[in-house]
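Now for the letters of each chain:
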Amino acid sequence: AVGVCKPTGEIVIGPPHDVVFEKGDSLIVVKKDDDALVVSKEPGHKVELTPQPLPVKEEVRGLIIGIQPILQPVLKEYAGYLSAGSTIFIVGNQESFDQHVQSEVVDMLNLAGINMVLLDANPNKKIAMDALLDETQPDSVLALVNQEAADKEAEDERIMRTLIYLRDYRRRNQLSYSITCEMLD
């Protein structure tokens, strides 16, 4: 979704995540890159949404593969909604972590009672990924792409391989953790 069209005709592009939809609002969605933005008065099909409470698991185990600039805002977000006692496993080295995450963010996580474990591992081989998943037993996995990679195609291949390893492990072990991966192209 890229925006909301209000009944008054006002178009709000890029609404914040906390936007409250009102009766008569239309959601603007772009289907593919470079497609024209079209606001239709009649929806393709109407969907009735019934608010559902989010299931809350007391303690969550999250696995983040890679340390990139986006890690800091992700950790800030986690500090605001993960339950105390949750654990975030981050794959990367201390130097890179210190470069991308300010101590205030670590303090936020500690204050919220969220444990953070830095793992210096290289899950680019299937056996190493299996060992990492055995160790962390995540409820969710976030695989970060290196936005600065000189070879964008090679970086996308690496993240695709990571996704394949994650999905294969999940299938073989009949697990249901969520997987989120970034792609460059």
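Residues numbered from 1 in each chain as written. Predicted model: local features only at pLDDT ≥ 70, side-chain atom pairs only at ≥ 80, totals over all residues. Heavy atoms only, no water.

1. Description of the sheet that holds strand E5 (residues 87-91)
- With parallel pairing, the five strands of this open sheet are ordered in space as E6-E5-E4-E7-E8. In this open sheet, the two strands that pair with only one neighbour each are strand E6 (115-119) and strand E8 (178-181). Looking at each pair of strands side by side, their axes are set apart by 15° on average, direction ignored.
- Bridge count between E5 and E6: five bridges; the pairing is parallel. When the sheet's bridge partners are listed, threonine 87 is paired in E6 with asparagine 115. (Pairing = 2+ DSSP bridges. Helix = DSSP H or I, 4+ residues; strand = E, 2+ residues; numbered from the N terminus. Axes fitted to C-alpha atoms, helices over the stretch in contact; angles between N-to-C directions.)

2. Let's talk about helix H5 (residues 152-172)
- Spanning 21 residues, H5 covers 30 Å between terminal C-alpha atoms, matching the ideal 30 Å at 1.5 Å per step.
- The set of residues buried in H5 consists of Glu155, Asp156, Arg158, Ile159, Thr162, Tyr165, Leu166, Asp168 and Tyr169.
- Where H5 is buried, its residues contact strand E4 (61-65), helix H4 (126-136), strand E7 (140-143) and E8.
- In the segment just after H5, glutamine 174 is the residue with positive phi, at about 50°. (Expected span 1.5 Å × (residues − 1). Buried < 20%, exposed > 50% of the residue type's maximum accessible area, 1.4 Å probe, protein only. Contact = heavy atoms within 4.5 Å.)

3. What to know about the nonpolar core
- Counting residues in each nonpolar core, the largest one holds 18 residues, and the members touching the most others are Ile64, Leu71, Leu75, Tyr78, Ile88, Ile90 and Phe97.
- Among the elements of the structure, helix H1 (71-81), E5 and helix H3 (103-111) are those that each provide at least two residues to this core.
- Counting residues per element, this core draws most heavily on H1, at five residues. (Core = buried A, V, L, I, M, F, W, Y, C linked by side-chain atoms within 4.5 Å.)

4. With respect to the confidence of the model for the protein
- Averaged over every residue, the pLDDT of the protein is 82; the share at 70 or more is 78%.
- At the low end of the mean pLDDT range in the protein sits strand E3 (residues 26-28), at 69; at the high end sits E5, at 96. (pLDDT = per-residue confidence, 0-100.)

5. As for the pattern of salt bridges
- Following the criterion strictly, the structure yields five salt bridges and no others.
- Here aspartate 130 ties to arginine 172 by a salt bridge, and the two come within 2.9 Å at their closest N and O atoms. Within this pair, whereas aspartate 130 is found in helix H4, its partner arginine 172 is found in helix H5, the two being separated by 42 residues in sequence.
- In this structure, the salt-bridge partner of glutamate 155 is arginine 158, at a minimum N-O distance of 2.6 Å. Of this pair, glutamate 155 and arginine 158 both sit in helix H5, three residues apart, roughly one helical turn. Take glutamate 155 and arginine 158: they sit in the same class, and that class is buried. (Salt bridge = Lys/Arg side-chain N within 4 Å of Asp/Glu carboxyl O.)

6. Here's the deal with the pairing of E7
- Side chains Ser140 and Leu142 of E7 all project onto a buried face; the interleaved residues Val141 and Ala143 project onto the opposite face, where all are buried too.
- In terms of strand pairing, E4 meets E7 through four bridges, oriented parallel. Looking at the pairing, glycine 62 lines up with serine 140 of E7.
- The parallel pair E7 and E8 is bridged by H5, and the resulting crossover is right-handed. (Right-handed = clockwise from strand over helix to strand, strands pointing away.)

7. Some remarks on the side chain of aspartate 168
- Structurally, aspartate 168 is set in helix H5.
- Polar side-chain contacts of aspartate 168 include one of 2.9 Å to the side chain of lysine 126.
- Polar contacts involving the side chain of aspartate 168 include one to the side chain of arginine 171, which spans 2.7 Å. (Polar contact = N/O pair within 3.5 Å; in protein donor to acceptor, adjacent residues only side chain to side chain.)

8. Description of a negative patch on the surface
- On the surface, Asp151, Glu153, Glu157 and Asp185 cluster together to form a negatively charged patch.
- Relative to the elements of secondary structure, aspartate 151 occurs in the loop between E7 and H5. (Patch = residues over 30% accessible without salt bridge, like charges linked within 9 Å, V, L, I, M, F, W, Y side chains within 5 Å. Areas by Shrake-Rupley, 256 points an atom, 1.4 Å probe, with all protein chains shown as cover. Lys, Arg positive; Asp, Glu negative; His and termini not counted. Charge placed at Lys NZ, Arg CZ, Asp CG, Glu CD.)

9. Structural notes on the packing of aromatic side chains
- Here the structure, examined in full by the defined rule, presents one aromatic pair.
- An angle of 85° between the planes, with centres 5.9 Å apart, marks the rings of tyrosine 78 and tyrosine 81 as edge-to-face. Taken together, the residues span about one helical turn, with tyrosine 78 and tyrosine 81 both in helix H1 at a distance of three residues.
- Given the relative accessible area of 13%, tyrosine 78 is considered buried.
- In this structure, arginine 170 is placed above the aromatic ring of tyrosine 177, and the distance from its NZ or CZ to the ring centre is 5.9 Å. (Phe/Tyr/Trp six-rings, centres within 6.5 Å; stacked < 30°, edge-to-face > 60°. Lys NZ or Arg CZ within 6 Å of the ring centre and 35° of its normal.)

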